[in-house]
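Reading the structure
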Amino acid sequence: MEGVVVLARSAWGILLLKLIAILGLYLVATLVVGYAEHKVLAHMQARLGPMYAGRFHGWAQLIADGLKFLQKEDVIPRAADKWVFSLAPVMVVVPGIMLYAVIPWGKGLAGFSSDVSLFYALAISAISVVGVLMAGWASANKFSLIGALRSAAQLIAYELPLVLAAAAVALQAGSASLEGIVEAQRLPFILAGQELGFFIFLMASMAELSRTPLDMPIADSEIIAGAYTEYTGMRYVLFLLAEYAGMFGLAALGAVLFLGGWRGPGFPGVLWTLVKAGALTFIMIWFRATYPRIREDQLQKMAWAWLVPLSLANLMGTAAFKLLF
Amino acid sequence: MGLRVPGSGLLKGLGVTLRTFLRPSVTQEYPDEKPSLPARSRGVIALKEENCTVCMACARACPDWCIYIESHKEVVPPKEPGARPRTRNVLDRFAIDFALCMYCGLCVEACPFDALFWAPYFEYSTYEVKQLLHEKETLGRWMAYVPPPDPLEDGAEQPKELEAGARPARSPARTEEPARRGPSGPTDEAGVREAASGAGRAPEAVPPVRTVPEEAPGEPKAAEGAREHREVGMDEEVYQAEIAKGTPERVARAKAKSAWMRKQKEGRGE
Amino acid sequence: MRGREVTEGTIQRLPGGPGEGVEVVLRGDLATEEMVLNIGPQHPSTHGVLRVVITLDGERIVEAEPVIGYMHRGFEKLAEVRDYHQIIVLVNRHDWLSAFCNEIGVAMAVERLMGLEVPERAQWLRVLLAEWNRVLNHLVFIGSFGLELGAMTPIFYAFREREVIQEFFEMATGGRLHVHFNRVGGLKEDLPKGFMKKSEQALRLVRSRLADYEDLLLGSEIFQARTRGIGVIPPELAKEYGVTGPILQASGVPEDARKTSPYLVYEKLEFDVPVGKTGDAWERFWVLLERVRQSLRIIEQVHEGLPSGPVRARVPKTIKAPEGEIYVRTENPLGQLGYYLVSRGGQQPWRLKMRTASFSNVSILPAILKGALIPDLVAIMGSIFFVVGDVDR
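Description of the structure in this document. (Residues numbered from 1 in each chain as written. Chains lettered and ligands numbered in written order. Predicted model: local features only at pLDDT ≥ 70, side-chain atom pairs only at ≥ 80, totals over all residues.)

The next subject is the interface of chain B and chain C. Where interface size is given, it is often the accessible area lost as the parts come together that is meant. Opposite the 41 residues of chain B that make contact, chain C presents 40 residues. Counting residues per element, the side of chain B that touches chain C draws most heavily on helix α1 (residues 8-22) of chain B, at seven residues. Partitioning the side of chain B that touches chain C into residue classes produces 21 nonpolar, 11 polar and nine charged. (Contact = placed C-beta atoms within 7 Å. Helix = DSSP H or I, 4+ residues; strand = E, 2+ residues; numbered from the N terminus. Nonpolar A, V, L, I, M, F, W, Y, C, P; charged D, E, K, R; others polar.)

Pasting the structure below:
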């Protein structure tokens, strides 16, 4: 405790503490979301899911999985581009952690705050696609290549609606800072006219995360695991980590943008953020349990024929609303 | 083929998964919760060694030749002085390679002396293929898992042995006789169940006792079931009565024999 | 590269599917190469060891060729050295999802050669179990079709329902998959007590749960977008390749061996043959669901009309089919199954030729895969219902 107090006195110490807290949150979020996905999917499919690891409803399943992955042989295909191959998982994970740093988990509880933190968040979360491209290209596997290219194609489809939907929120709130956006939202109607934007944001974030029904880049029944096909052991775990943590990260971003972030009656703010982000994560898992995957060209069509025009209309509508009232 | 605005179809799907989510799941947690398998379940083949006469019918019926039988002949000294000594087959080895076995059950069906049985036991997996070759000691131990056979569904033709066992004794109090056999309607259910469970509740005495079929069996029927050889006696009363009626001696003898048989069965059925 | 060379690049005409017939000129660095990709023999969507060699232009399939034989086990040859009892065990295993229906084919062939009269009750029970077998089989494909399109839930539901059915299958036959319940001359033994009750319960259960599959897949807009107009098989093409069963019915041909050459007691039972209009993947799935409904209808009628009596005709212990030859066809869950049995009077057949449904169904793949995208490939493969063991034998 003493040590913490001492650390908290210096600027570097505070930075270190923040870093530890964010990393801790990142890892815990991964475990919790991973476990939730196991369990929620299982129960939606009339199963029980993990029940043994850790005795109580298999709560330690993901830890056990992690330990197992640690022991696995580290395989790098002979034809693979070694450096790029090894670096790719890191490229996927780091942006996720950087996203966690900017999200205001409670009032004044962001890793760092900035006036343009919204755009920082959107920009940083898009970088992970580069990691996927690297993984797919470096693997020297046809399935990986197809997966990586699908991933790149998907980026074009969802990134614009995602940014436009977020921009409408920023416009309405009159602030590009995540904290400012939360402060500007009117309760209890937290969506406050951004229902359409929320819907678009949800779709686009699922596309970004490659979640069913938009999981074409890793479609297991078509191209094995896409860019991840050749990955094993710890490197594969990093991809999984990025997926689960990314789900929660984007869900938290969605909660901040559309659902009033930490604001809510009764409980401390952090809890509200977590609950709202958890609810959005549940919806993503729920979608995965329900829907088949759509086709890449159908996604493109949907994005350009529906989502982009809709989000543009949403943006203009918001602007008009803002001007008139 | 564009994607229409997500509509009712998508929402219905969400409803299905949510409904399932809120209901209890169907998973059976196996090692903690053992499944209760039906009596006919083809889990493992058990051997009742005393019944085996080394006739090799099972080994011959097996489609993949996974039954290994070794035996030698033993000379049994005659019971009475002057009689011929008899030879008898003694089982040395009876092994089933469950790594090869297809669990078809042809051996169990082929066995004429009720030495092989199915048991709904399945927890004998091993880490090595070699260990799946089970010798007669193990097969004998599995006899403990052999359950009594299920009674049959309504409208089924009951096995003759069960029917004979279920037939009530002829007494003035109860004159009506249950349907003898075949398609003529429901049989005495309670009696059948009793007979079925009576035969072989204890793991040792498992097989329902099969007796000689009543009516002269055609050649195929004889081939199917086991025949116990037994000294057949004669009902003296019936014989005398028949002779007095003037029936030929041969017919009278046959009737007396069958009357004796019936009595024997009734005696056991009670 | 398929296309004619022009001075400044390559003109390529896009094959079938979306954007069909569009001419694309590819120049210099933009000129693309075709890529050969092996789908299988180890691939998540070939359920088994079917291998499809596809030549890809981007994600579009230029050519597809199924390579079969990875699971060849020499069934037909093996049947020549096994007696008639043992053959029934063997035929359980070529299409393991319709074990009971396979048995009926062989048993009927031998019975007809021998001129055996199968007891009435045995015939009704064969229909009962064959129809349940059909439901079991179709449930697998209903589930796996969803799985191939990326919906992972339907297969779990399908197996939940299957479990209920298999439970009473085991109760009656002792086996869950390889039932081995038919014998030459009838059935092994009669049903155990309580079977009918369980069968009736399962009938109600499955009937009510079919709506779930409709809501999850059939009616879902995403599912329709993935399957409507995909893998269209015109009726003429289907006939040319000898495709049968649900796939042929989806193409609009009301061919069903239970109707066109009735066996067992199908003549006395009422049921319809579902017929599609366009023959695309969606209709094949619809036909599958509809066939389950019709099977349940038949099962209901058997529950009401089941006669009592023996279930096995008297047959000698060693079965010798008299000299002669016979062809028996039955409507298996996946299509028509034919057994051509030639006997020279021995205990074993001289020749047993199988005409299995999956083999013919898979043979149409090259014709309909051309021009499809990889995602369509799985949609098509999922809707050409096959079991690899049934293809390779």
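Moving on, there is more to tell.
Turning our eyes to something else, we now look at unusual backbone geometry. In most cases, non-glycine residues show a negative phi, while peptide bonds are predominantly trans. Residue and element names in this part refer to chain B. Backbone geometry places W65, a non-glycine residue, at a positive phi of 50 degrees. The topology assignment puts W65 in the loop between α2 (57-61) and β2 (67-76). Despite not being glycine, D114 has its phi angle at roughly 55 degrees, a positive value. Along the chain, the position of D114 falls in the loop between α3 (106-110) and β4 (116-119).

In this section: the sheet that holds strand β6 (residues 60-67) of chain C. Residues and elements named next belong to chain C. The antiparallel open sheet is built from three strands, whose spatial order is β4-β5-β6. The outermost strands of the open sheet, each flanked by one partner alone, are β4 (35-39) and β6. Adjacent strand axes in the sheet meet at a mean angle of 20 degrees, parallel and antiparallel pairs treated alike. (Pairing = 2+ DSSP bridges. Axes fitted to C-alpha atoms, helices over the stretch in contact; angles between N-to-C directions.)

At the junction of the two partners, chain B supplies 12 residues and chain A supplies 16 residues. Residues of the side of chain B that touches chain A, tallied by class, amount to five nonpolar, six polar and one charged.

All names here are of chain C. One open sheet holds the three strands; their spatial order is β9-β10-β11, and the pairing between them is antiparallel. Because the sheet does not close on itself, it has two edges, and the strands there are β9 (324-332) and β11 (351-355). Recorded for the sheet is a direction-independent mean angle of 15 degrees between the axes of neighbouring strands. Across the face of the sheet, helix α3 (residues 99-114) comes into contact with β9 and β10 (335-343) while running at roughly 150 degrees to β9.

The next subject is the environment of A:A319. Residue position: A:A319 is located in helix α13 (residues 296-324). As for A:A319 and A:L171, which are separated by 148 residues in sequence, their C-alpha atoms are 6.9 Å apart.

To continue, consider the nonpolar core. Side chains of a nonpolar character, in soluble globular proteins, are inclined to be buried together. In this structure, A:I103, C:V110 and C:I380 are the most contacted members of the largest nonpolar core, which totals 244 residues. Here the element with the most residues in this core is helix α11 (residues 233-258) of chain A; it accounts for 17 residues. Discounting residues that sit within four places of it in the chain, C:I380 has contacts with C:I230, C:G231, C:A281, C:I368, C:L369 and C:A372. (Core = buried A, V, L, I, M, F, W, Y, C linked by C-beta atoms within 7 Å. Buried ≥ 20, exposed ≤ 12 C-beta atoms within 10 Å, placed from the backbone.)

Our next topic: helix α14 (residues 374-383) of chain C. For α14(C), the tally of buried residues reaches 10 of 10 residues, placing the bulk of the element in the interior. For α14(C), the set of buried residues is C:I374, C:P375, C:D376, C:L377, C:V378, C:A379, C:I380, C:M381, C:G382 and C:S383.

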